[in-house]
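# Survey of secondary and tertiary structure
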Amino acid sequence: MGLRESKKLHTREAIAREAMRLFATRGFDHVTVAEVADAAGVSEKTVFNYFPTKEDLFFDEAPARRDALVAAIRERKPGWSVFAALREVQAAQSARFADPRFAQFARIIEESPALRAKELEVMSDFADALAEALRTELRTNELDARVAANALVSVQWQFFRNARRHALEGKHGPGAERKLRSELTRAYRLLEHGLASLER
């Protein structure tokens, strides 16, 4: 990474860090972009150069998470299924979601209708990216790729929502991490072996 790229990354991280500090203190809906810019020592225009909307400030890691899911499909180990590859990359987040500090992040989302609406947009973006990866990697048709991508993203979303629920219930640590991993495994097993098993 060159000096210019490094500086841009530093600026982006500083803006996101200050935004999260303000959101945690006052709630997402009560903080303006102008206040985030002032706290980060940059102009409001600079904030929008890095983050198109205020909601993007909160979900600043979403692009990296999306790219990680795509990479899991495209760079999966020889002999690994798409299910196994995605399950591994998502399970790796369990420890982070079981950290007591995640409860603060969860609470901010639950208190903001704007963030819950943005979450839908983020998951739609994930589904589009996964559909393209499935179409090219598995050489499947577009309809099949999109149906599969939406099913796979539903697992990611439910995993995230389960993590938030556990965090807000005060469940954290190794026990919470094991619970999340178990729920994720069960969800992928359901997809991998067919929804018809629900009727048995």
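## A word on the pattern of salt bridges
- Summed over all chains, the structure comprises 19 salt bridges.
- One salt bridge connects Asp-56 with Lys-118, and the closest N-O pair in it is separated by 2.8 Å. With a gap of 62 residues between them, Asp-56 in helix α4 (residues 54–58) and Lys-118 in helix α9 (residues 113–137) connect regions that are remote in the sequence. For the residue pair Asp-56 and Lys-118, the accessibility class agrees, reading buried in each case.
- Residue Glu-132 is joined to Arg-135 by a salt bridge in which the shortest nitrogen-to-oxygen separation is 2.9 Å. You can see Glu-132 and its partner Arg-135 sitting in helix α9, three residues apart, about one turn around the helix.
- In this structure Glu-132 comes out as partly exposed when scored by relative accessible area, which is 35%.

## As for the environment of Leu-120
- Within the fold, Leu-120 resides in helix α9.
- The exposure class assigned to Leu-120 is partly exposed, which follows from its relative accessible area of 48%.
- Note: C-alpha distance between Leu-120 and Phe-97 (23 residues apart in sequence) is 19 Å.

## Topic: the side chain of Gln-90
- Within the secondary structure layout, Gln-90 lies in helix α6 (residues 82–91).
- Judged by relative accessible area, Gln-90 falls into the buried class, the value being 1%.
- Beyond its immediate sequence surroundings of up to four residues, Gln-90 is in contact with Leu-69, Val-155, Gln-156, Phe-159, Leu-184 and Tyr-188.

## A short note on the packing of helix α8 (residues 102–110) against helix α10 (residues 142–168)
- For the pair α8 and α10, the least separation of the axes is 9 Å and the interaxial angle reads 110°. Considering their axes alone, α8 and α10 lie roughly perpendicular with respect to each other. Of α10, the residues touching α8 (which contributes Phe-102, Ala-103, Phe-105, Ala-106, Arg-107, Ile-109 and Glu-110) are Phe-160, Ala-163, Arg-164, Ala-167 and Leu-168.
- Of the residues contributing to the contact of α8 with α10, the split by class is nine nonpolar, no polar and three charged.

Calculation rules
Residues numbered from 1 in each chain as written. Predicted model: local features only at pLDDT ≥ 70, side-chain atom pairs only at ≥ 80, totals over all residues. Heavy atoms only, no water. Salt bridge = Lys/Arg side-chain N within 4 Å of Asp/Glu carboxyl O. Helix = DSSP H or I, 4+ residues; strand = E, 2+ residues; numbered from the N terminus. Buried < 20%, exposed > 50% of the residue type's maximum accessible area, 1.4 Å probe, protein only. Contact = heavy atoms within 4.5 Å. Axes fitted to C-alpha atoms, helices over the stretch in contact; angles between N-to-C directions. Parallel < 35°, antiparallel > 145°, perpendicular 65-115°, else oblique. Nonpolar A, V, L, I, M, F, W, Y, C, P; charged D, E, K, R; others polar.

Function-wise, these values are silent; they only describe arrangement.
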